[in-house]
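Residue-level structural notes
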Amino acid sequence: MLKTFHLKTDHHDQMIDVTNEIRSWIKQIGLRDGVIVVSSMHTTAGLTVNENADPDVKTDMLRRFRELYPWNDSQDRHMEGNTAAHMKTSTVGHAQTLIIDQGELVLGTWQGLYFCEFDGPRNRNFMAKVIG
C-alpha cells in the first residue's frame, strides 16, 4: 500500500515532525507487522530520524547544517543557487525505512521522524510504502 502525504513548509530550513501522520496511517490501514519506507519526493528536502523530546536538537542541527553548508559559496556553480540544500539532503538522505511491530511504529524512546526542508518555504510531498 502506498500513500502520498502533503505539507507546506514555512521557513527556508526546518524540521517537521511527521511521526504522528505515519503512525495514524499505519493504524488506519491496520498493518500489524512489516516495514514502512518513507521517501521525500524532492532533491532539496529529506527525512531523518532523530530526537523529538528537546526542540533544541532541531535548532542545533539546522544551525550546524548552515555552518557546514553555507547558502552562499562563490565556488558553487549550480544555476538555481541552492547547492547547499542539495548537500544537506544528501547528508540526511531522502528516505527512511522503519519497523512496524504489532501495529505500532517502532522507534526509540526519544526518536521521531522528521521531514527536513532545506530550500523553502514550499509545498512538499513525501510518500510512504508499507511492506508486510
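Preceding this section is the structure that the text describes.
Residues numbered from 1 in each chain as written. Predicted model: local features only at pLDDT ≥ 70, side-chain atom pairs only at ≥ 80, totals over all residues. Heavy atoms only, no water.

This next bit is on the overall build of the protein. Along its length, the protein carries three helices and eight strands. Secondary structure elements of the protein occur, N-terminal to C-terminal, as β-β-α-β-β-α-α-β-β-β-β. Whereas a compact globule of 132 residues would reach a radius of gyration of roughly 14 Å, the protein reaches 15 Å, a difference of no more than 12%. Looking at the 132 residues of the protein, the share that counts as buried comes to 41%. Looking at the protein alone, contacts between residues at least 24 apart form 84% of all its contacts between residues at least 6 apart. When the accessible surface of the protein is split by element, carbon and sulfur atoms take 49% of a total near 7600 Å². One way to put it: in the protein the 14 positive side-chain charges average out to a point 5 Å from where the 17 negative ones average out. (Helix = DSSP H or I, 4+ residues; strand = E, 2+ residues; numbered from the N terminus. Rg over C-alpha atoms; globule rule 2.2 N^0.38 Å. Buried < 20%, exposed > 50% of the residue type's maximum accessible area, 1.4 Å probe, protein only. Contact = heavy atoms within 4.5 Å. Areas by Shrake-Rupley, 256 points an atom, 1.4 Å probe, with all protein chains shown as cover. Lys, Arg positive; Asp, Glu negative; His and termini not counted. Charge placed at Lys NZ, Arg CZ, Asp CG, Glu CD.)

Let us look at the side chain of T44. Positionally, T44 belongs in the loop between β3 (34–40) and β4 (45–51). A polar contact is formed between the side chain of T44 and the side chain of R124, at a distance of 2.9 Å. With residues near it in sequence (within four places) discarded, T44 still touches N82, A85, H86, T89, C116, E117, F118, D119 and R124. (Polar contact = N/O pair within 3.5 Å; in protein donor to acceptor, adjacent residues only side chain to side chain.)

A few words on the pattern of salt bridges. This structure, assessed with the given rule, holds seven salt bridges. We note a salt bridge from R66 to D13, for which the minimum N-O separation is 2.8 Å. In this pair, R66 sits in helix α2 (residues 55–68) while D13 sits in the loop between β1 (2–8) and β2 (14–17), placing the two residues 53 residues apart along the sequence. Of the residues examined, R66 reaches a relative accessible area of 41% and is grouped as partly exposed. The class for D13 is buried, based on a relative accessible area of 10%. Of the charged contacts in the structure, one is a salt bridge between D119 and R122, with a shortest N-O distance of 2.7 Å. Since its relative accessible area comes to 10%, D119 is described here as buried. Given a relative accessible area of 33%, R122 falls into the partly exposed group. (Salt bridge = Lys/Arg side-chain N within 4 Å of Asp/Glu carboxyl O.)

Overall, the coordinates contain four aromatic pairs when judged by the stated rule. Ring centres of F5 and W25 lie 6.1 Å apart, and the angle between their planes is 90°; on these two criteria the pair is classed as edge-to-face. Residue F5 is located in strand β1, and its partner W25 is located in helix α1 (residues 19–29); the two are separated by 20 residues in the primary sequence. A relative accessible area of 5% means that W25 is categorised as buried. Seen in terms of ring centroids, F5 and F126 are 4.9 Å apart; in terms of plane orientation they differ by 5°. Their pairing is stacked. One end of the pair, F5, is in strand β1; the other, F126, is in strand β8 (residues 123–131), and 121 residues separate them in sequence. Positioned above the aromatic ring of F5 is the side chain of K3, whose terminal nitrogen or guanidinium carbon lies 5.2 Å from the ring centre. (Phe/Tyr/Trp six-rings, centres within 6.5 Å; stacked < 30°, edge-to-face > 60°. Lys NZ or Arg CZ within 6 Å of the ring centre and 35° of its normal.)

Turning next to the environment of I26. Within the secondary structure, I26 sits in helix α1. Among the residues examined, I26 registers a relative accessible area of 1% and is labelled buried. In sequence terms I26 and G103 are 77 residues apart; their C-alpha atoms lie 7.0 Å from each other.

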